[in-house]
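Chain and residue survey
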Number of protein chains: 2
Amino acid sequence: MELKLAFIGMGNVGRAFARLLDARRCELAGQHGITWVVTGIATARHGCSISEEGLDLLDAVHRIESGQNINALDRGEPVSDPAEAIDRCNADILFETTPLSAADGQPAISYISRALLRRISVVTANKGPVAYGYPELRRLAAGRGVMFRFEGAVMDGCPVFNLAQFCLPGARILSFAGVLNSTTNLILTGMEDGRSMEDSLADAQRLGIVEADPVNDLDGWDAAIKALALANVLLSIDEPASLAHRTGIRELKAEDMTSALAEGDVIRLVARAQVLSGRATITVKPERVPRSSALGCVRGTSNVLIMKTDLMGEIGVIENDPGIAQTAYALLSDMIVIHDALTRSHGR
Amino acid sequence: MELKLAFIGMGNVGRAFARLLDARRCELAGQHGITWVVTGIATARHGCSISEEGLDLLDAVHRIESGQNINALDRGEPVSDPAEAIDRCNADILFETTPLSAADGQPAISYISRALLRRISVVTANKGPVAYGYPELRRLAAGRGVMFRFEGAVMDGCPVFNLAQFCLPGARILSFAGVLNSTTNLILTGMEDGRSMEDSLADAQRLGIVEADPVNDLDGWDAAIKALALANVLLSIDEPASLAHRTGIRELKAEDMTSALAEGDVIRLVARAQVLSGRATITVKPERVPRSSALGCVRGTSNVLIMKTDLMGEIGVIENDPGIAQTAYALLSDMIVIHDALTRSHGR
């Protein structure tokens, strides 16, 4: 079976995934029996193109990177907008990596719904749809017999959603705590090393690690939305998780860090989820944690998630120094999971 | 499908698993569609019994705990030894938890081979068979169309083997480093807190955490065998992994710890595996690592495994304060994985 793939969004993540997919063509065919063709690419600023025969993915990447439009790709048929591309791409899997509003997960949620309704499985690297649309999108996918996967939504391609789904059979996750936002952790680590919050932030911006407007990071929104996404999926509660408290790191003073360090502690922006009266509840705030602890040991852009379970005690997953390559891998790993499920359901 | 289960070995781990299995009977049936019956129990000192209709598992546990023999269990037919029990139990899955020789993995390996040859899937919590018999046992299982699983062999039920198999599709593990032995880590943590090695060891023995004869732990054998098991499975090298170097913690002095601490480091017994000239090679030795690092942050009986991969960068898994309940969970999780595979292959 040749997988028909479509892309919506071709920013840094989409292009990194496109390159990875091309680079691993032989391994995917040889080790996983996966061959693929790209039947649609939709962007907001560089046009949209569909093709039954298959588009040249790397050519599209090059055109986008040199500021050109992809409407005139070889074998491609231009379409007017992403919605039409979804309707007409006839894909097995849509990779959704559009820029989205952190406040409501749009337009990603409507693109994903549209694809699922057309029986196209969806892989996203966006946290918004999982934080704000999960119960509905899950039901929609199940009802149409397709899959909705999102390993890259939190901690890039580090297994968190897949770990819970595939590696803890028979056990339940009761609560979790994590350091989920790389920007604030980089700043906090800088402050640990004696730099000011402003200097640490400026350094990170120079390195291109932090967005020009880091308000979503500094105010704890990014961590909160990731925790909502995790809670919706990991805690087996039907109702969407809700945010009970959110404090970012803006109000932290150098003295707070100094006094923590003096007692062997560090400060981390910790997102916690627990189930209270049957509802999954999130809190995000700076916490003093022992420097030598699973939460305290992640420095720089590294992340950690600690899960408390009923039968397996407490386990943690650490991701060291992630970059865009790891987000691209998340999309690849979801694609392989979907391929394996499709292959099984076709009895091959 | 009702799973027919057999037990070989009914020590602490086997009995904890038997209790867990009984306690989760409703969840297993309701959530996983698993019903089960015990068709054989074999012990070295308390007799062996088989039954087509099913033995009373908790009655067997109680008899063993009160020093009685299980030959006369209700509906049971006594058999002479574990080998005969394997031959005649007619089980779908054998749970192997016998005491074994750390030097060669026997008699576990011969029991496991015997079961696999009879097309019985095997779940073990023993590291020896994976360290010393893996390539053969894997081939044997594949040849007979059954499964050989061993999540409990390293880090109890914390997903390490399952994580590599199910959660890193398309990626390769290139090397790993881990703190895998709880006894030495408990002693090293005690020394960090200012106690002597002898006092820390005695405390641990009083708590029942450490064996009466801790030579396998102190000399690094336990960590080395676990690393061999991990390397055989995780590093995708056909030839068995080999041990290049092993130093335990006996020669460590209080001064070594003091000088490490003075520079922000701690000492951990670190097992490392890498691939050199196409061969997987293990080293085990005490290492100075930053106190605030993934290897340094595990204290007491906690374990950690850090894996370097080709596509997913570096990820780590932490198990906090494991006990026998987590080893029992390992057996349960392997049972569910086997059941799911059997169900799929039966097309149900």
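Notes on the structure follow. Remember, it's a predicted structure, so these values are computed and weren't measured experimentally. (Residues numbered from 1 in each chain as written. Chains lettered and ligands numbered in written order. Predicted model: local features only at pLDDT ≥ 70, side-chain atom pairs only at ≥ 80, totals over all residues. Heavy atoms only, no water.)

**Digging into the nonpolar core**
What counts here: Throughout, nonpolar core names a set of buried Ala, Val, Leu, Ile, Met, Phe, Trp, Tyr and Cys residues whose side chains join them through atoms within 4.5 Å. For the exposure calls, accessible area comes from a 1.4 Å probe over protein chains only, and a residue counts as buried if that area is under 20% of its type's maximum, exposed if over 50%, partly exposed in between. Contacts were defined at the residue level, with two residues in contact if any of their heavy atoms lie within 4.5 Å.
Counting 214 residues, the largest nonpolar core has Met335 of chain A together with Met335 of chain B as the members making the most contacts within it. Filtering out sequence-adjacent residues up to four positions away, Met335 of chain A remains in contact with Leu3, Leu5, Phe17, Leu21, Leu28, Ile34, Ile93, Phe95 and Val123 of chain A. If you look at the next biggest cluster of nonpolar residues, it comprises 24 residues, including Val266 of chain A together with Ala177, Val266 and Leu295 of chain B.

**Some details on the packing of helix H1 (residues 12-23) of chain B against helix H3 (residues 57-65) of chain B**
All names here are of chain B. Rules: Angles here are taken between N-to-C directions and fall from 0 to 180 degrees, while the axes themselves are lines fitted to C-alpha atoms, restricted in helices to the stretch in contact. Each helix is a run of H or I in the DSSP string that is no shorter than four residues. Each strand is a run of E no shorter than two, and both are numbered from the N terminus. Angles below 35 degrees are treated as roughly parallel, those above 145 as roughly antiparallel, those between 65 and 115 as roughly perpendicular, and all remaining angles as oblique. The handedness criterion is simple: a crossing whose near helix is rotated anticlockwise from the far helix by less than a right angle is left-handed, and one whose near helix is rotated clockwise is right-handed.
Following both chains from N to C, one finds H1 and H3 inclined at 150 degrees, their axes separated by 10 Å at the closest point. The angle between H1 and H3 falls in the class roughly antiparallel. Crossing angle aside, the handedness with which H1 passes H3 is left-handed. On the side of H1, the interface is formed by Arg15, Ala18, Arg19, Leu21 and Asp22, while H3 contributes Leu57, Leu58, Val61, His62, Ile64 and Glu65.

**Let's talk about the pairing of strand S10 (residues 265-276) of chain B**
Residue and element names in this part refer to chain B. The following threshold applies: One bridge is not enough; two strands pair if DSSP finds at least two bridges between them.
Pairing analysis gives four bridges linking strand S8 (residues 173-179) to S10, with the strands arranged antiparallel. Counterpart to Phe176 in the pairing with S10 is Ala273. With twelve bridges joining them, S10 and strand S11 (residues 279-290) adopt antiparallel strand pairing. Across the sheet, Leu276 pairs through a bridge with Arg279, a residue of S11. Following S10, the chain reverses through two residues before pairing antiparallel with S11; Ser277 in that reversal takes a positive phi of roughly 45 degrees.

**Details of the interface of chain B and chain A**
Stated precisely, the cut-off is as follows: As used here, buried area is the combined drop in accessible area, with a 1.4 Å probe, of two parts when they are placed together. Just to be clear on terms, a salt bridge is a Lys or Arg side-chain nitrogen sitting within 4 Å of an Asp or Glu carboxyl oxygen. Counted as a polar contact is a pair of N or O atoms within 3.5 Å, where, for protein atoms, one must be capable of donating a hydrogen and the other of accepting one, and residues adjacent in sequence contribute only when both atoms are in side chains. Each residue gets one label: Ala, Val, Leu, Ile, Met, Phe, Trp, Tyr, Cys and Pro are nonpolar, Asp, Glu, Lys and Arg are charged, and the others, such as Gly, are polar.
In this complex, chain B contributes 40 residues to the contact, which on the side of chain A involves 40 residues. On the chain B side of the interface with chain A, the three residues burying the most area are Leu311, Met312 and Tyr329 of chain B, jointly 19% of the side's total. Scanning the region where chain B abuts chain A turns up two salt bridges. The closest approach of N and O atoms between Asp310 of chain B and Arg24 of chain A, which form a salt bridge, is 3.4 Å. Our count for the contact surface shared by chain B and chain A stands at 14 residue pairs in polar contact (both at pLDDT 80 or more). Counting residues per element, the ones that place at least two in the side of chain B that touches chain A are helix H7 (161-166), strand S13 (314-320) and helix H13 (324-345) of chain B. When residues in the side of chain B that touches chain A are grouped by element, the largest group, eight residues, is from H13 of chain B. A breakdown of the residues in the side of chain B that touches chain A according to their chemical character gives 21 nonpolar, twelve polar and seven charged. Across seven bridges, strand S13 (residues 314-320) of chain A lies against S13 of chain B in antiparallel orientation.

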